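Summary of structural features
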Amino acid sequence: PYLYTLFVDAHVHSRTVLRSLWLNDEFAAVDPVVYEILDQFMLGDALLISPQLEAGKSSVRAYLPRTARWYDWFSGQPHEDDGD
């Protein structure tokens, strides 16, 4: 349902499904660090994607913009750190 809704919204309102962090007004207005991040993106307004892009690595360190509340995908627990 989430992806379907994103694509309907993209079609009807000419919005993007995938967007750079700096395209999110909530992040960009308060957190200038998002302009420097090129390897993370948002899937809609709710999911931050931080892919592992380096060969031989099994984890990634992601930057979490401070203006939003973030949750661990697997545990559902809120992430308490500020930033990365």
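Going along each chain's sequence as written, the residues are numbered from 1 onward. Local features in this predicted model are restricted to residues of pLDDT 70 or higher, and side-chain atom pairs are both shown and tallied only at a pLDDT of 80 or more, whereas totals for entire chains, interfaces and linings draw on every residue. Each side-chain value is derived from all of the structure's non-hydrogen atoms; neither hydrogens nor water enter the calculation.

1. Section: the nonpolar core
Basically, it comes down to this: By nonpolar core we mean a set of buried residues, namely Ala, Val, Leu, Ile, Met, Phe, Trp, Tyr and Cys, connected to one another through side-chain atoms within 4.5 Å. Each residue is placed in one exposure class: buried if its accessible area under a 1.4 Å probe, protein chains only, is under 20% of its type's maximum, exposed if it is over 50%, and partly exposed if it falls in between. Note on contacts: a residue pair qualifies if any of its non-hydrogen atoms lie within 4.5 Å across the two residues.
Ranked by size, the top nonpolar core spans 10 residues in total: Leu21, Phe27, Ala28, Val34, Ile37, Met42, Leu48, Tyr63, Leu64 and Trp70. With sequence-adjacent residues up to four places away left out, alanine 28 is seen in contact with Trp22, Val34 and Tyr35.

2. Comments concerning the confidence of the model for the chain
Predicted coordinates in regions of low pLDDT should not be interpreted in detail. To be explicit about the condition: Looking at any residue, its pLDDT shows the predictor's confidence there, from 0 to 100. Helix and strand labels come from DSSP, where a helix needs a run of H or I of at least four residues and a strand needs a run of E of at least two; each type is numbered from the N terminus.
On average, residues of the chain score 88 in pLDDT, and 95% of them are at 70 or above. Averaged pLDDT values over the elements of the chain bottom out at 79 in helix H2 (residues 25-28) and peak at 96 in helix H1 (residues 2-13).

3. Brief notes about a nonpolar patch on the surface
Selection rule: Patch rule: a residue counts if its relative accessible area is over 30% and it has no salt bridge; like charges are joined within 9 Å, and nonpolar side chains (Val, Leu, Ile, Met, Phe, Trp, Tyr) within 5 Å. Accessible surface area values rest on a Shrake-Rupley calculation with a 1.4 Å probe, where residue burial reflects the displayed protein chains alone. Salt bridge, as used here: a side-chain nitrogen of Lys or Arg that lies within 4 Å of a carboxyl oxygen of Asp or Glu.
A surface patch of nonpolar side chains, amounting to about 300 Å² of accessible area, comprises Tyr2, Leu3 and Phe7. If you trace the backbone, tyrosine 2 turns up in helix H1.

4. Section: the packing of aromatic side chains
Stated formally: Stacked, tilted and edge-to-face are the three classes assigned to paired rings of Phe, Tyr and Trp, where Trp is represented by its six-membered ring and a pair needs centres within 6.5 Å; plane angles under 30 degrees give stacked, over 60 edge-to-face, the rest tilted.
Tallying each qualifying case throughout the model produces 1 aromatic pair. When the ring of phenylalanine 27 is compared with that of tryptophan 70, the centres are 5.9 Å apart and the planes differ by 45°; the resulting orientation is tilted. Of this pair, phenylalanine 27 sits in helix H2 while tryptophan 70 sits in strand S4 (residues 70-71); the two residues are 43 residues apart in sequence, bridging distant segments of the chain. Tryptophan 70 matches phenylalanine 27 in its accessibility class, with the two residues each being buried.

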